[in-house]
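As a plain string of letters, each chain reads:
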Amino acid sequence: MTSNPDTLRKKTNWYVITGGPSSGKTTTINRLRERGYKTVIEHARQYLEIQQFNGHPVQEVRSNQTEFQLAVLTMQIEAESHLNPDDVIFLDRAIPDANAYYHYMNIPAAPQLAEALQTVCYKKVFILDCLPMVNDTVRSEDEAAQKKIHAAIVDVYQALPYPIVRVPVLKPEERVDFILKNL
């Protein structure tokens, strides 16, 4: 007898804030934190910043996408494994985002991704519409990549059993209000 994967999922009170690069995820997460909510940072950005601090340029780190994506996925799985499922928490991206990036990069997904996707159930996913592309010290995508990554993220989350809310382009405080009204 096989069990239904949805019955194995750990129910949580976690909300995912996601979208393509330069969609305002970090700004939204920071505003939620300022309002007193528990939040989790984006692990890709954190990993790249750690590597830069250790003297590795972003281009060098991104040159091996398989290794980079695995490192980010490992950080995300580790972080989520230590969160209390009963706490209301907003995540700047979540484990399924890794699946979108594997698809976008056209590289085989790490084996631990499939297992991780079967273990958690997010309360709701907020997909932020993209803002104009702005590059910084760790973001290197162009507008075409932004749109493709965003579409991959939408596809991945639509294939999963989580409620999705699309968040339109609004001023940062209005976006946070919109999210909180749609919990």
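The shown structure was predicted, so the numbers you read here are calculated from the model rather than taken from an experiment.

Draft legend 1. Main features of the packing of helix 2 (residues 25-34) against helix 9 (residues 172-181). The geometry of helix 2 relative to helix 9 is characterised by a closest axis approach of 9 Å and an angle of 70 degrees between their N-to-C directions. When the axis of helix 2 is compared with that of helix 9, the two are roughly perpendicular. Together, Thr27, Thr28, Arg31 and Leu32 of helix 2 and Pro172, Glu173, Arg175, Val176, Ile179 and Leu180 of helix 9 make up the contact between the two elements. Residue composition of the contact of helix 2 with helix 9, grouped by class: five nonpolar, two polar and three charged.

Draft legend 2. Representation of the sheet that holds strand 3 (residues 38-40). Pairing is parallel across the open sheet formed by five strands, whose spatial order is 3-4-2-6-7. Each edge of the sheet is formed by a strand with only one pairing partner; in this case those strands are strand 3 and strand 7 (164-167). Going from strand to strand, the sheet's axes swing by 20 degrees on average, the running direction of each strand aside.

Draft legend 3. The pairing of strand 7, seen in detail. Residues Val165 and Val167 line the buried face of strand 7, whereas the alternating positions Ile164 and Arg166 sit on a face that is not buried. Taken together, the four bridges between strand 6 (residues 124-128) and strand 7 define a ladder with parallel strand orientation. If you follow Leu128 over to strand 7, its bridge partner there is Val167.

Draft legend 4. Geometry of helix 3 (residues 43-53). Turning to helix 3, its buried residues number three or more, namely His43, Ala44, Arg45, Tyr47, Leu48 and Gln51. Looking at the packing, one finds that the buried side of helix 3 touches strand 3, helix 4 (58-62) and helix 5 (65-81). Backbone geometry just after helix 3 places Gly55 at a positive phi near 90 degrees.

Draft legend 5. Region of the structure containing the packing of aromatic side chains. Counted by the stated rule, this structure contains six aromatic pairs. An angle of 40 degrees between the planes, with centres 6.2 Å apart, marks the rings of Tyr15 and Phe126 as tilted. With Tyr15 in strand 2 (residues 13-18) and Phe126 in strand 6, this residue pair connects regions lying 111 residues apart in the sequence. We classify Tyr15 as buried; its relative accessible area is 6%. Geometrically, the ring pair formed by Tyr122 and Tyr162 is edge-to-face, given 5.1 Å between the ring centres and 80 degrees between the ring planes. Linking Tyr122 in the loop between strand 5 (120-121) and strand 6 with Tyr162 in the loop between helix 8 (143-158) and strand 7, this pair joins segments that are 40 residues apart in sequence. Assigned by exposure class, Tyr122 and Tyr162 land together as buried. An aromatic cluster is present here, built from Tyr15, Tyr37, Phe90 and Phe126 joined pairwise through their rings.

The rules we used
- Residues take numbers from 1 onward in each chain, read along the sequence in its written order.
- A pLDDT threshold of at least 70 governs which residues receive local features in this predicted model, and a stricter bar of 80 or more applies before side-chain atom pairs are shown or counted, although totals over entire chains, interfaces and linings include all residues.
- Processing note: side-chain calculations cover all non-hydrogen atoms of the structure and skip hydrogens and water entirely.
- To obtain each axis, a line is fitted to C-alpha atoms, and for helices this fit is confined to the stretch in contact; angles are then taken between N-to-C directions over 0 to 180 degrees.
- Runs of E in the DSSP output that reach at least two residues are strands. Runs of H or I that reach at least four are helices, and both are numbered from the N terminus.
- For classification purposes, an angle smaller than 35 degrees is called roughly parallel, one larger than 145 roughly antiparallel, one from 65 to 115 roughly perpendicular, and anything else oblique.
- Should any heavy atoms of two residues lie within 4.5 Å, those residues are considered in contact.
- Following the grouping adopted for this structure description, the nonpolar residues are Ala, Val, Leu, Ile, Met, Phe, Trp, Tyr, Cys and Pro, the charged ones are Asp, Glu, Lys and Arg, and the polar ones are all others, Gly among them.
- The pairing criterion for strands is at least two bridges between them, as found by DSSP.
- Any residue under 20% of the maximum accessible area for its type is buried, any over 50% is exposed, and the rest in between are partly exposed; the area is computed with a 1.4 Å probe on protein chains only.
- Planes of paired rings set the category: under 30 degrees apart is stacked, over 60 is edge-to-face and the rest tilted, where pairs are Phe, Tyr or Trp rings (Trp by its six-membered ring) whose centres lie within 6.5 Å.

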